Amino acid sequence: MNKKNNWQEFKNIIEEKGVKKLYHFTDRDNLESIIKNGGLYSWADCDEKGITIPKPGGEGLSRSLDARDGLQHYVRVSFVKKHPMMYAAMNEQRISNPVILEIDPEVIWWQDSLYCNKNVTRNDASYGGGVEHLRLVHFDTVLKSRFFDLAEEEKPFYKAEVMVKNFIPLQYITNIGDFGYTIPSVSDKMQSKIPYTAQITRNTPTAFIFMIDQSVSMKRKTMLYGEELTMAEAVARIVNNQINDLVLRCIKGAETRHYYDIAVIGYGESAYSGWKGALEGRDFVSPEELKNNPFRKIVTREEVRTRKGTSIKEVEKVQWIEARHDGNWTHVHKAFDKVKGLLEQWMEKHKGKDCYPPTIINITDGEFNGASKDIVLQQANELKSMFTNDGNVLLFNIHISTAKTDCILLPVNKDEVKHNAYSTTLFELSSLLPQRYNEEISKVRQDGDLSVRHTAMAVNADMSLL
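Note that the structure is predicted; figures quoted are calculated from it, not measured. (Residues numbered from 1 in each chain as written. Predicted model: local features only at pLDDT ≥ 70, side-chain atom pairs only at ≥ 80, totals over all residues. Heavy atoms only, no water.)

## Quick word on the pattern of salt bridges
Side-chain pairs of opposite charge can arise where the charged atoms are in close proximity. For the coordinates displayed, the defined rule picks out 30 salt bridges. One salt bridge connects Glu102 with Lys21, and the closest N-O pair in it is separated by 3.1 Å. One end of the pair, Glu102, is in strand S4 (residues 98–103); the other, Lys21, is in the loop between helix H1 (7–17) and strand S1 (22–27), with 81 residues separating them in the sequence. Residue Lys340 is joined to Glu382 by a salt bridge in which the shortest nitrogen-to-oxygen separation is 2.9 Å. Separated by 42 residues along the polypeptide, Lys340 in helix H10 (residues 332–349) and Glu382 in helix H11 (residues 373–384) bring together distant segments of the chain. The same class applies to Lys340 as to Glu382, namely buried. (Salt bridge = Lys/Arg side-chain N within 4 Å of Asp/Glu carboxyl O. Helix = DSSP H or I, 4+ residues; strand = E, 2+ residues; numbered from the N terminus. Buried < 20%, exposed > 50% of the residue type's maximum accessible area, 1.4 Å probe, protein only.)

Shown next, in the form of structure tokens:
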């Protein structure tokens, strides 16, 4: 690509400021088109070339503003990895499984590249192709701060951008090989990659995080297999059973294989590790550690299937967590912060591997408090925007209830839950599930449409459904 005559000045600024990468967010559904067509095109170039964008991140207003300013043929890239416009696109459901493309900063000194100190559509933005325009970028802001921690007057400068004319070739997208696609020498002969299909092995494990509301409201009574229990105890038994099932899947002969990392986070007024006994205080643990370190065993009632039908029998069960219901707060935001820290470490450890993405299951009996909806929604979006080569993190939110009300399970769209404000909030917090699970979902929901996408949530779920 042709460089500016004084390109070395631009390079010197970038090296002095420590800029190693630029970023462009898109939806995972767009990757195949990007690879097949050899790179990232502006939306106007896509239109002119007949390139279909399955999940366009921009909306009508931004395109009209681009056209107004003659910028429709530019690809927009930013200095920040977690761009606030990505979360806005998630909230508006324009994208559901975001991925962040890393761009070689060499595009900065290409002949026709432009620079803007804010989002270019703002009336007070200053942009152009000269070195003086690049110097207007607030590098201290874009390189060192999170958007939501900034002073209000500084936030517009966080959205500074570089605009690349027409096209960024594939070789300048430095992490394009990190999403499970085989990048061929001839782009139109690429192999398609279906997300959420990675095999779970010892070399490519996955992770499960159970988030359990343990606030005082969980002391309310419910029924489980004919036995009256607190909701906290019922949930603890169900989660212990699920953990036991995960451990059993890893036992091959005398060996317990490390297919998963598993964490339990309890929360009320604070967020903490939910493990008891020898594992107390730990975060992620392996199936072998769970097998070798049970907290205790209890005798519980359980539904058992036989040839004659189902019956309730007393069985001995291993426990790793126990019921807890204290504290007058439901600080899910603290739990989300803890989960994010765990996943950042897990993702770094398994970076570049074709790992099935981690699954988060949040179980609660009431609305969260202590943080605004906007803060919690931002946290959920940050979790859902984390990804492995195989797909984005899956976040389930399950509201359990003792009330005799209709359960809303794995809805297809917001219309199914719009009658209830809390249900709408859970819908916005939860992941969009991959279509490959539709056949199993249709059995649970008892509907037959396999072409839709379901949201990973349930409202007013009883213990049997949980």
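## Some points on the nonpolar core
Of all hydrophobic cores here, the largest spans 42 residues; its most connected members are Phe210, Ile243, Trp275 and Leu290. Here Ile243 is in contact with Phe210, Val264, Trp275, Leu290 and Trp320, once residues within four sequence places are set aside. If you look at the next biggest cluster of nonpolar residues, it comprises 39 residues, including Ile14, Leu31, Leu150 and Ile176. (Core = buried A, V, L, I, M, F, W, Y, C linked by side-chain atoms within 4.5 Å. Contact = heavy atoms within 4.5 Å.)

## Quick look at H10
The terminal C-alpha atoms of H10 lie 26 Å apart, and with 18 residues this matches the ideal 26 Å at 1.5 Å per residue to within 8%. Residues of H10 that are buried: Val332, His333, Ala335, Phe336, Val339, Lys340, Leu342, Leu343, Trp346 and Met347. (Expected span 1.5 Å × (residues − 1).)

## Some thoughts on the sheet that holds strand S23 (residues 457–461)
Here we have 7 strands laid out as an open sheet, ordered S15-S14-S9-S18-S21-S23-S22, and mixed in their pairing. Since the sheet does not close on itself, it has two edges, and those belong to strand S15 (271–273) and strand S22 (408–409), each with one partner. Sheet topology places S22 next to S23; 2 bridges connect them, and they run antiparallel. Its bridge partner being in S23, Leu409 is matched across the sheet by Ala458. (Pairing = 2+ DSSP bridges.)

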